[in-house]
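One letter stands for each residue in the lines below.
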Amino acid sequence: MTDLRAAFLSATDHVAAIVAREDVRAAWHEQSALAEWEVGGLVAHLANQPVTTVALLRADPIGDPITLEEHYARSAWVHASLDDEVKVSIRESGDARAAEGPDAVLAAVMEARRVLPDLLAAQSDGRAVLIPWSGWSLGLDDFLTGRLMEVVVHGEDLAASVGFTSPTLPRDVLDPVLALLTRLAVTRHGQGAVVSALTRAERAPRTISAF
């Protein structure tokens, strides 16, 4: 079984390496590969994953956790359009952090990386982690898996935006993300569509995107 706490430390190192890239810093105010996102805002959103994790793990456990599948089914951003309030709010939050500049964004990641080993080690298995902007809780492993997904996906978004090849992630980071995305794709498109896309080019659907 994947040690998600160790995996999250590796993922945080991945975030720091991307934020520290000179080509990423040089492209800070350029349009990213995602509509309505500048590179800096997208970097800040990526960088906020370990920073937010520190803040939420320092908070008291509250509530009965729901599953990751239910979390994404309930989350408004999953089904929102580009101009819906929830998507606009996410972009504005990233832009506000990006306005502090790449040095400040990187410093926040490095501070999170400094405290995360002891903080993660102190967490009890299965503790509830409240997601305050959603109003419900996830179990610790599910919470970390969701943060890993954000790191992996937005790392690739930035690689596409700036024009570099994203560093190869260790299997303990990538495997739980691929498992999550596959489950969400099956929920959205059905078992047959996902299996066919992975094995039968002649009948593969146009997309099996998880979101």
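As a reminder, the structure under discussion sits directly above these lines.
Residues numbered from 1 in each chain as written. Predicted model: local features only at pLDDT ≥ 70, side-chain atom pairs only at ≥ 80, totals over all residues. Heavy atoms only, no water.

Trainee: Now, about helix α3 (residues 39–58): what can you tell me, with residues and values included?
Mentor: With 20 residues, α3 should reach 28 Å at 1.5 Å per residue; the first-to-last C-alpha distance of 29 Å fits that figure. Of all the bends in α3, the greatest reaches close to 35 degrees and is centred on Q49; the proline P50 follows between one and four positions later. Counted residue by residue, α3 has 17 buried out of 20 residues, so it is predominantly covered. (Helix = DSSP H or I, 4+ residues; strand = E, 2+ residues; numbered from the N terminus. Expected span 1.5 Å × (residues − 1). Bend = angle between axes of the 7 residues up to and from the residue. Buried < 20%, exposed > 50% of the residue type's maximum accessible area, 1.4 Å probe, protein only.)

Trainee: Would you mind going over the pairing of strand β1 (residues 128–131) in detail, with residue names and values included?
Mentor: With four bridges connecting them, β1 and strand β2 (residues 136–139) associate as antiparallel partners. When the bridges of β2 are listed, A128 appears paired with G139. Counting the residues in the hairpin turn of β1 and β2 gives four residues, including G135, whose phi is positive at 95 degrees. (Pairing = 2+ DSSP bridges.)

Trainee: Describe the nonpolar core, listing the residues and the values that go with them.
Mentor: With 55 residues, the main nonpolar core has V43, F143 and L148 as its most contacted residues. Those elements that place two or more of their residues in this core are α1 (4–19), α3, α4 (68–74), α7 (102–121), β1, β2, α8 (140–162) and α9 (171–189). When near neighbours in sequence (up to four residues on either side) are disregarded, L148 contacts L4, A7, F8, A11, V173, P176 and V177. (Core = buried A, V, L, I, M, F, W, Y, C linked by side-chain atoms within 4.5 Å. Contact = heavy atoms within 4.5 Å.)

Trainee: Run through the packing of α1 against α9, naming residues and quoting values.
Mentor: For any two helices packed against each other, one specifies the inter-axial angle together with the distance between the axes. At a closest axis distance of 8 Å, the pairing of α1 and α9 adopts a crossing angle of 105 degrees. Considering the angle they form, α1 stands roughly perpendicular to α9. Listed contacts from α9 to L4, A6, A7, S10 and A11 of α1 are D172, V173 and P176. For the contact of α1 with α9, the per-class residue count stands at six nonpolar, one polar and one charged. (Axes fitted to C-alpha atoms, helices over the stretch in contact; angles between N-to-C directions. Parallel < 35°, antiparallel > 145°, perpendicular 65-115°, else oblique. Nonpolar A, V, L, I, M, F, W, Y, C, P; charged D, E, K, R; others polar.)

Trainee: Go over the side chain of E150 with me, naming the residues and quoting the values.
Mentor: Its location among the elements puts E150 in helix α8. Despite its burial, E150 pairs with no opposite charge, the nearest such side chain being R147 at 4.8 Å. Not counting residues within four places of it along the chain, the set of residues in contact with E150 comprises H45, L46, Q49, W77 and G155. (Lys, Arg positive; Asp, Glu negative; His and termini not counted. Salt bridge = Lys/Arg side-chain N within 4 Å of Asp/Glu carboxyl O.)

Trainee: So what about the environment of V39? Which residues, and what values?
Mentor: Within the secondary structure, V39 is located in helix α3. For V39, a relative accessible area of 1% translates into the label buried. For the pair V39 and L178, spaced 139 residues apart in sequence, the C-alpha separation works out to 25 Å. Look past the residues within four positions of V39 in its chain and what remains in contact with it is V24, A27, W28, E30, Q31, S32, L158, S161 and V162.

Trainee: So what's going on with the packing of aromatic side chains? Residues and values would help.
Mentor: Tallied over the full model, the rule gives three aromatic pairs. For the pair Y72 and W77, a centre-to-centre distance of 6.2 Å together with 90 degrees between the ring planes defines the contact as edge-to-face. An aromatic cluster is defined as three or more aromatic residues linked by ring pairs; in this entry it consists of Y72, W77 and F211. In this structure, R21 packs its charged tip against the face of F164, placed 3.9 Å from the ring centre. (Phe/Tyr/Trp six-rings, centres within 6.5 Å; stacked < 30°, edge-to-face > 60°. Lys NZ or Arg CZ within 6 Å of the ring centre and 35° of its normal.)

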